[in-house]
Every structure is written in structure tokens, then in C-alpha cells.
Amino acid sequence: MGISVDSLGPSEAYPWPDLPAGEATGVVARVTLAAVLSGKTPMNPATIPALEQIGVRVESADRAPWNVRLSASRPDDLLAVRVMSSTEGAWLAQSGKQDHAAVDLRKAGVVLISASRGEVMVAADADGVTFWTISGVTVEPAASVEAPALRWLSECGSADEWLRSEVSQLLQRGGAWANFVAAAIVARYSAPANTEIATQWLEATLACREVTVLAAPRRWARQLQPVQVRTVQELACAEATRLALVLDDVSETAVPEEGPWQSAWLDVCHGRDDLEGVCALLREASAAGMLQKPLSRLDTTGQMVRRVLPSGFVPVDERTRRARNLSPDSWWSTAE
Amino acid sequence: MTLVEAFQRCGPCIGTTDDTFRSEATVILYEELLHFQVTGLSDAVRMDAVHTVLVRFMSTGPRGTNEGDPDSEERVKAYFRIALRNFDRDRARAARRFTTDDVETLARTEAPKEPFESETISNARLTLSVTCIPGCAASLRSDAKVNFERAIAERQEMSNGGTTFVSIVERHGANTQQTRNAVYQQHSRTLRRLGDYVEQYIAAERLDLTHAEALRIVYGKFCEGEFQ
């Protein structure tokens, strides 16, 4: 099966019931897998912690986990059942429906059950059935992240149309990453409308008082659940990897004339600037540490590519111009 | 709290126990900026510049400790000098819409000062030319090595003021966009290779932050060139 013994976690074993006596007392049901799968046969919820942990619900026709119906705990979650034996009738899944399967665990022998939060190996022998959690690479489902970013802007009476438009576009795109970036952009780009307000903001900070629009996204970041923070960390690392790949493309295709490389460059600059805001919020949640290395590598490459871009053709837009005000030492910001 | 620590901790107050540090860090930076001398920055705009720059910095913080961030008082000061100069340049650019001020002249009044001793920079130049360039060439296959060495020689000619990019293009063929692009890409690949080698050298030799940054600056200068 290609699974190292070292990667097997703790096991849970369930003995088979005594067959003739079991049938007589109703402990063992005489059912077909088709009936199990259809849901028309009365089933009992079965508690198998190893499967619950990875997001799989189990119902059993028998008192022992024998003829079972497996389903994903949540409607859109993943469930894959791989049965190693070629015994006919060992398992059944409904065509086109991937979140349900019926398995005769005794016939199946060895089964690998993959779900959104991990994998479990099941092995049956003459005495019973054993479930092992497989440690190693498991993919945690992405948590949802909702950021009231537009509300923060409204509450502070922001008249910055550019910022509002950027935030609206991100929220419209939706998803954990875009929503978190929207919050990060509010935190990063909320600026005083004039020098008088700048003075007020500064005086407030010098006197240890809050500036609402700067405090709100940071407080929001601090109250995120650990699973939400992990989701953002993973997505941020993935974004850093994507940007490094785009940088390579820019480096290969940039020439001293206008072309698609310019929009790719702006994409990298915006993406890196997003990450700067994301890091600021993750720092509030004491969770930015894991981004240091990926960002350091990205910045080394970014600085190098920036140096060899043809001067006079490096594109500038509102975002890169504003980024220069906030991060004057950054490679992804540009002067007009 | 030192100036470097203040640089790392300055940030907006959010109603937690961290606020004391953030506020104290902002006070330290503010007092430092009030005594800053930036050539070309008039007294009339000085306070606005200090307030705006510090609010911008504070509102994106706290920065924490990041690789490459200023690690000395001098480098913190250099960071804020650039920020203040940017503010002044933007203000002048905005004013140009109504006047005939030559903003670019104003922007050039103070060239960015490298925060390193000239000896450190000289040594870095030597490392680049005597160690990194030959080392990088030696690491390449023979055909790639020939292209690398030719491109480096052309860059050196350009940076010495001995020739222009167009003259180099003409050595490779007619001065068309296609030839210019081809030569540019040869040069940029060469410089990327050299840049990768420089980074490997910094890591392998475990250069301290000052010497690593000096080598990067020298490499950056070597990359500068006009491609028109």
C-alpha cells in the first residue's frame, strides 16, 4: 500500500462478533451494500474516533463496525475510499457522488480512507478490524475568514475612494485569502486625509490612545481562531511561492519595451504588498514567524529582478506609488 | 528602548498591554525625527513631513524583526531620511501642477548616502570583481561561460562610461528592437546569474549584515544601466 509502518499512528481495534450467536441476537445484520448505501436500511451511528478526527461519519448496520456507510461530516468535504482487496462486493460507492461509500470491512481486508483532515488505514483479519490514523502529510480544510473591512472604512468616515474600491473588489472575490487581504489593506492603507488629521493620529499614539481605523483590523486579527490563522499562514506561504514563480517569468521575459511582462511585474508588486499587510496582521496574532523565510527568499529574488528590469519601462500604478510612501525601502514600490 | 528597538516596536495602539511599548517607541522616533537634518527640506514643511512620515510608519507597524531591516541607528536614520525626502518630492510634484518648479532638480538636492564606510564599499567592489565574477564564470559550462564573460565585459564598459547600450547592440547587429531585446536579455540573465552567485557567496562565507549589504549595493550599482 506504500504506507510506512512509521507513519501509522495509534490504533483502535474492534473484535468481530460471534457469528451464529450474533445473527440470532441481531448483532450482525444480513444486508447488502446496496441497501447500506441507499440509506433505506436502518443504521446505527458508530463511534470510531479515528474516523471522526479526519471528518468521516460512520453508520453501521451491525453492532460491530462491519457493514458500514461512510460519509463526509460536512457536505462539501472530501471522502475517498480505496479498497486494496479485489474481492467482489467489498465496497460500493454511488456513481458521481463522492461523499458516500458502503464498505464491508470484513471482506475489504485493507482499506485506505482519505478525508479532508487526514487519512485512516483499516485492516481486517480473522479476529476483528483495526483502524490506524496515518500521520504525516495531512491537509487541513481551509477555514473561512470574514472581515468587516468596508464597515471599518465607513465607521471612520474614510473618503478614500481608491482604498474603498480595492477593498470592495477583494471582498467581492471572496474566500479566506481575499477577505484577509482586504482587512490587511485597510490596516495598511488607512491614511489621514490631511496633515491636521495626521497630527491628531500622531498625538493620540504618543498619548497611548487608539486610532479607531488602525486598531479595528488589528483587534480583529487577534481574535481569529487558531484554524483561521493556520489557513492564512498556509495561503500566505502559497502566495509567496506563486510570486517567486511569477518573478522568474518576469525576469525571463522583461525587455526594454512595453509588453505583458509589465502587468506580471505589477501583479508581483501587488502580491508582495498584500503579504506585507498580511504579515502586519499576523504579527498581531503572534503568527508571522513562519513567513519570515519564504518572504526573505522572495525579497532576495525580487530585489535582484528589480535591479535588472529595464529602467524607463518599469510600470507604476496607484498601488505601487502608495506602497512607496509606506515602505520606502521596498523593491516592490515605485516612484513616478 | 534603543532607536532600533523603537523602529521595530512602533505601531498603533489597540487597547492592549502592548500599547505602552508602541507609544513609547513612537515617542522615541518622534524625538529623533524632530532633530533630523534633511537637505532641501524647508522649515515650512518640516513638521508636516515629520508627522506624515511617522504616521505612515506607525500605521504599518509594528514591523518586528525582519531580515534586512535596519539593525543600527545609522540605518534607521537612513530609512527615515529616504522617507522624508520622498515626502518632500511628492509635495513638490503636487505643487508643480500649479507652478513651474523644477521638481527633479529639487529631488536631486541630496543623493542617498550609503550607510557604510567607503572602505567597506571598496572591499565589496573587490570581492565582486575578484571573487564573485570569476567564481560565477567558473561555475558555468563552457558555452554559457563565454556568453557570461562577454556580457560582463560589456556591462563593465557601460559602467565605466566607455560605451552605451546602443553601441553594444550595434556590435550584435542592426539597432532594431529585436536586437536590443536580445542583448538586454543576455545581460539580464548574466546579471541574475551573478546575483544568485553573490547571494550564495554571502551565505557560504556567512558575511555579516554590513558586509552582505555592502556587496549587494555594489552588485546593484553594477546592474544599473540605461537600456534605451
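Since we're looking at a predicted model, the values are computed, not measured.

Let us look at the overall build of chain A. For chain A, the count of helices and strands is 13 helices and ten strands. Counting only residues that meet the buried cut, chain A has 51% of its 336 residues in that class. In chain A, of all internal contacts separated by at least 6 residues, the share reaching a separation of at least 24 is 64%. Total accessible area on chain A is roughly 15400 Å²; 51% of this is exposed by carbon and sulfur atoms.

Next up on the list: unusual backbone geometry. Across residues other than glycine, the phi torsion is negative in most instances, and most of the peptide bonds are trans. Going from Gly61(B) to Pro62(B), the amide bond is cis rather than trans, its omega being -5°. With respect to the secondary-structure elements, Pro62(B) resides in the loop between helix H3 (43-59) and helix H4 (73-96). Phi is positive for Cys208(A), close to 65°, though the residue is something other than glycine. For Cys208(A), the position within the fold is in the loop between helix H8 (195-206) and helix H9 (212-222).

Here the focus is the pairing of strand S8 (residues 110-115) of chain A. Residue and element names in this part refer to chain A. Counted residue by residue, S8 has five buried out of six residues, so it is predominantly covered. Relative to S8, strand S5 (residues 79-83) runs antiparallel, the two sharing five bridges. Residue pairing in the sheet places Val81 in a bridge with Ile113 of S8. Looking at chain direction, S8 and strand S9 (residues 118-124) are connected through six bridges and run antiparallel. Bridged to Ala115 within S9 is Gly118. Once S8 ends, the chain turns through two residues before running back antiparallel as S9.

Each side of the interface is counted separately: chain A has 52 residues, and chain B has 58 residues. Both faces combined, the contact of chain A with chain B buries some 4600 Å², and carbon together with sulfur accounts for 53% of it. Of all residues in chain A, Met304(A), Arg307(A) and Val308(A) bury the most surface against chain B, accounting for 14% of the area lost on that side. Summed over the shared surface of chain A and chain B, the number is five salt bridges.

What follows covers the nonpolar core. Membership of the largest hydrophobic core comes to 97 residues, with the highest contact counts inside it found for Phe180(A), Trp220(A), Trp265(A), Val278(A), Leu282(A), Phe80(B) and Leu84(B). Here the element with the most residues in this core is helix H7 (residues 175-189) of chain A; it accounts for twelve residues. Leaving out residues up to four positions away in the same chain, Phe180(A) has contacts with Val145(A), Trp220(A), Leu224(A), Val232(A), Val278(A), Leu281(A) and Leu282(A). Listed in part, the 27 residues of the second largest apolar core include Trp16(A), Leu70(A), Val83(A) and Val111(A).

In this section: the packing of aromatic side chains. Residue and element names in this part refer to chain B. Inspection of every chain in the model, using the stated rule, returns twelve aromatic pairs over all chains. Ring geometry for Phe7 and Tyr79: centres 5.1 Å apart, planes at 85°, overall edge-to-face. One end of the pair, Phe7, is in helix H1 (residues 3-9); the other, Tyr79, is in helix H4, and 72 residues separate them in sequence. For the pair Phe7 and Tyr79, one class covers both residues: buried. Connected via pairs of aromatic rings, a cluster forms that spans Phe7, Phe57, Tyr79 and Phe80. Arg9 extends its terminal NZ or CZ atom over the ring of Phe21, reaching a point 4.8 Å from the ring centre.

Under the definition given, this model contains 27 salt bridges over all chains. The partner of Asp274(A) in a salt bridge is Arg319(A), with the nearest N and O atoms 2.7 Å apart. With a gap of 45 residues between them, Asp274(A) in helix H11 (residues 260-284) and Arg319(A) in helix H13 (residues 318-326) connect regions that are remote in the sequence. A single burial state applies to Asp274(A) and to Arg319(A), both of which are buried. In this structure, the salt-bridge partner of Arg141(B) is Asp143(B), at a minimum N-O distance of 3.3 Å. Connected via shared salt-bridge partners are Arg218(A), Arg222(A), Glu284(A), Asp18(B) and Arg22(B).

The subject of this paragraph is the domain arrangement of chain A. The assigned domain composition of chain A is domain 1 (5-134) and domain 2 (140-336). Each of domain 1 of chain A and domain 2 of chain A was reduced to a C-alpha centroid, and the two centroids are 46 Å apart.

Residues and elements named next belong to chain B. The end-to-end C-alpha distance of helix H10 (residues 209-223) is 21 Å, a good match for the 21 Å that 15 residues give at a rise of 1.5 Å each. Residues of H10 that are buried include every one of Ala212, Glu213, Ala214, Leu215, Arg216, Val218, Tyr219, Gly220, Phe222 and Cys223, and no others. With a side-chain oxygen positioned 3.2 Å from the backbone nitrogen of Thr210, the residue opening H10 is Asp208.

What counts and how
Residues numbered from 1 in each chain as written. Chains lettered and ligands numbered in written order. Predicted model: local features only at pLDDT ≥ 70, side-chain atom pairs only at ≥ 80, totals over all residues. Heavy atoms only, no water. Helix = DSSP H or I, 4+ residues; strand = E, 2+ residues; numbered from the N terminus. Buried < 20%, exposed > 50% of the residue type's maximum accessible area, 1.4 Å probe, protein only. Contact = heavy atoms within 4.5 Å. Areas by Shrake-Rupley, 256 points an atom, 1.4 Å probe, with all protein chains shown as cover. Pairing = 2+ DSSP bridges. Buried area = accessible area lost by both parts, 1.4 Å probe. Salt bridge = Lys/Arg side-chain N within 4 Å of Asp/Glu carboxyl O. Core = buried A, V, L, I, M, F, W, Y, C linked by side-chain atoms within 4.5 Å. Phe/Tyr/Trp six-rings, centres within 6.5 Å; stacked < 30°, edge-to-face > 60°. Lys NZ or Arg CZ within 6 Å of the ring centre and 35° of its normal. Domains from an automatic or database assignment. Expected span 1.5 Å × (residues − 1). Polar contact = N/O pair within 3.5 Å; in protein donor to acceptor, adjacent residues only side chain to side chain.

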